[in-house]
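Residue strings, one per chain:
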Amino acid sequence: MFHQMATLPLANSQNKYHYIARLPFLIITLQINNSNLENMKVAIIGAGNMGGAIARGLANGHYIQAQQIAVSNPSAGKLEALKAEFPAIHVTHSNKEAAEDADIVIIAVKPWKVEEVLKPLRLRHPQALVSVAAGLTIEDLAHFVDPEMPIFRVIPNTAISEGASMTLIAARNASEEQVAGMTALFNEMGRSMLIDEKLFAAATSLTSCGIAYVLKYVQAAMQAGVELGIKPHDAQTMLAQTLEGAAQLLLNNEQAHPATEIEKVTTPGGITIKGINSLEHDGFTSAVIRAIKASL
């Protein structure tokens, strides 16, 4: 079924369908028929932060409808919340019930529980396994399933809850069409990028740890704004929109580079260049580089 997965249409970045490809604790398995993603059934084992975010992202997307999704969880509270938001989603306390007849099985559990949850499901080719379990490599995962099946390792970041994740994807035994399908699904929850698995540690420092580093800048700038008389909430809104604008300057123009965008606002003798030089005098660039490298 999975081996002839259809290539998916990829729209522009404004609609988040472009073909570019940490919340941990996630495993997804795919078994796709040779028509298209719209016919798939999805099971999500675990309704925590990541499982819930994926369920909502899929239900709000264009490929998977709410009635195609089943979610299992030991406790009822999070299931009830999902059901209230998406009445068509099937909820259950039985993992096997959720996974039965599913084309995609998403296992959102702690990394140390992956083996005990995954093995009883007996996943085999033509299904495909997709893992977001922190610290588990594709080779590790191959010991819990048919090693010949397509295996994906996927690492979103916490912004997946807002449909704005930068998701990293690595694959083994997967065709170009299968990779295109996987990136299309995660592009509905932000952006995704296919990379070599050996780069995951470095890339995770930029994307998952990077969110914390960016927010640390926001926190510091907010403190400065408050000292200068701006209300905290107003300062946060100003900074958040400024960051979003800076991101769009880079994402919407392939020729854009931070240096050129900085140059546009650093007029000779102006206030911005004075601030930039102050950052450099205080070791800003070195501090960022050290933080990225320290998080490997």
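Residues numbered from 1 in each chain as written. Predicted model: local features only at pLDDT ≥ 70, side-chain atom pairs only at ≥ 80, totals over all residues. Heavy atoms only, no water.

## Some thoughts on the overall build of the protein chain
What counts, and what does not: Numbering goes from the N terminus for both helices and strands, where a helix is a DSSP run of H or I of at least four residues and a strand is a run of E of at least two. Partly exposed residues are those whose accessible area sits between 20% and 50% of the maximum for their type, while under 20% is buried and over 50% is exposed, using a 1.4 Å probe and protein chains only.
If you tally the helices and strands in the protein chain, you get eleven helices and nine strands. Looking at the 296 residues of the protein chain, the share that counts as buried comes to 44%.

## Concerning the packing of helix 7 (residues 200-227) against helix 8 (residues 232-251)
We apply this condition: Axis lines are fitted to C-alpha atoms, over the contacting stretch for helices. Their N-to-C directions set the angle, which ranges from 0 to 180 degrees. When describing relative orientation, an angle under 35 degrees is termed roughly parallel and one over 145 degrees roughly antiparallel, while 65 to 115 degrees is termed roughly perpendicular and anything else oblique. Note on convention: near helix rotated counterclockwise from far helix by under a right angle means a left-handed crossing. Clockwise means right-handed. Here, residues are in contact when the closest pair of their heavy atoms is within 4.5 Å. Residue classes follow a fixed rule: Ala, Val, Leu, Ile, Met, Phe, Trp, Tyr, Cys and Pro count as nonpolar, while Asp, Glu, Lys and Arg count as charged, and any other residue, Gly among them, counts as polar.
One way to put it is that helix 7 packs onto helix 8 with a least axis distance of 9 Å and a crossing angle of 135°. Between helix 7 and helix 8, the interaxial angle falls into the category oblique. The two elements helix 7 and helix 8 meet at a crossing, and its hand is right-handed. Taken together, the residues of helix 8 that come into contact with helix 7 (itself represented by Val 214, Tyr 217, Val 218, Ala 221, Met 222 and Val 226) are Pro 232, Ala 235, Gln 236, Leu 239 and Leu 243. Tallied by class, residues from the contact of helix 7 with helix 8 come to ten nonpolar, one polar and no charged.

## A word on helix 7
Defined as follows: A helix is expected to span 1.5 Å for every residue after the first. To get the bend at any residue, fit one axis to the seven residues that end at it and another to the seven that begin at it, then take the angle between the two axes.
Across its 28 residues, helix 7 extends 39 Å between first and last C-alpha, which sits within 8% of the 40 Å expected from 1.5 Å per residue. Taking the largest bend as the criterion, helix 7 deviates by roughly 55°, centred on Gly 210. Along helix 7, the residues classified as buried are Phe 200, Ala 203, Thr 204, Ser 205, Thr 207, Ser 208, Cys 209, Gly 210, Val 218, Met 222 and Gly 225. In the core, the buried residues of helix 7 are packed alongside strand 7 (151-155), strand 8 (165-172), helix 8 and helix 11 (284-294). At the exit of helix 7 stands Gly 229, carrying a positive phi of roughly 105°.

## Here's the deal with helix 6 (residues 176-187)
The end-to-end C-alpha distance of helix 6 is 16 Å, a good match for the 16 Å that twelve residues give at a rise of 1.5 Å each. When you tally the buried positions in helix 6, you get ten out of twelve residues, the bulk of the element. Within helix 6, burial applies to Gln 178, Val 179, Ala 180, Gly 181, Met 182, Thr 183, Ala 184, Leu 185, Phe 186 and Asn 187.

## Focus on the pairing of strand 8
Under the convention used in this document: Two strands qualify as a pair provided that DSSP identifies no fewer than 2 bridges between them. The handedness of a crossover follows from its direction of travel: if, with the strands pointing away from the viewer, the path from the first strand over the helix to the second runs clockwise, the crossover is right-handed.
Pairing of strand 7 with strand 8, which is carried by five bridges, proceeds in the antiparallel orientation. Of the residues in strand 8, the one forming a bridge with Val 154 is Ile 169. Once the chain exits strand 8 it traverses helix 6 before rejoining the sheet at strand 9 (residues 190-194), and the crossover so formed is right-handed.

## Remarks on the environment of Lys 83
Selection criterion: Identification of polar contacts relies on pairs of N or O atoms within 3.5 Å, with a donor-acceptor requirement for protein atoms, meaning one able to donate a hydrogen and the other able to accept it, and with residues adjacent in sequence counted only if both atoms are side-chain atoms.
Among the structural elements, Lys 83 can be located in helix 2 (residues 77-85). The spatial distance from the C-alpha of Lys 83 to the C-alpha of Ala 66 is 10.0 Å, given a sequence separation of 17 residues. Apart from the residues lying within four places of it in its own chain, the contact partners of Lys 83 are Ala 88, Ile 89, His 90 and Val 91. A polar contact is formed between the side chain of Lys 83 and the backbone oxygen of Ile 89, at a distance of 2.7 Å.

## Some details on unusual backbone geometry
If you check the backbone angles, Arg 122 has positive phi at about 50° while not being a glycine. Mapped onto the elements, Arg 122 comes out in the loop between helix 4 (114-118) and strand 6 (128-131). Given the relative accessible area of 69%, Arg 122 is considered exposed. Unlike most non-glycine residues, Asn 173 shows phi in positive territory, near 60°. In this fold, Asn 173 is placed in the loop between strand 8 and helix 6.

## Considerations on the confidence of the model for the protein chain
Defined as follows: On a range of 0 to 100, pLDDT expresses the predictor's confidence in each residue.
Within the protein chain, residue pLDDT values average 85, and 88% of them lie at 70 or more. By mean pLDDT, strand 1 (residues 27-30) is the weakest element of the protein chain at 54, and helix 8 is the strongest at 98. Predicted confidence for residues 1-24 stays below pLDDT 50, and this span has 87 contacts to residues more than four positions away or in other chains. Taken together, the stretch residues 31-35 has pLDDT below 50 and engages in 20 contacts with residues farther than four places along the chain or on a different chain.

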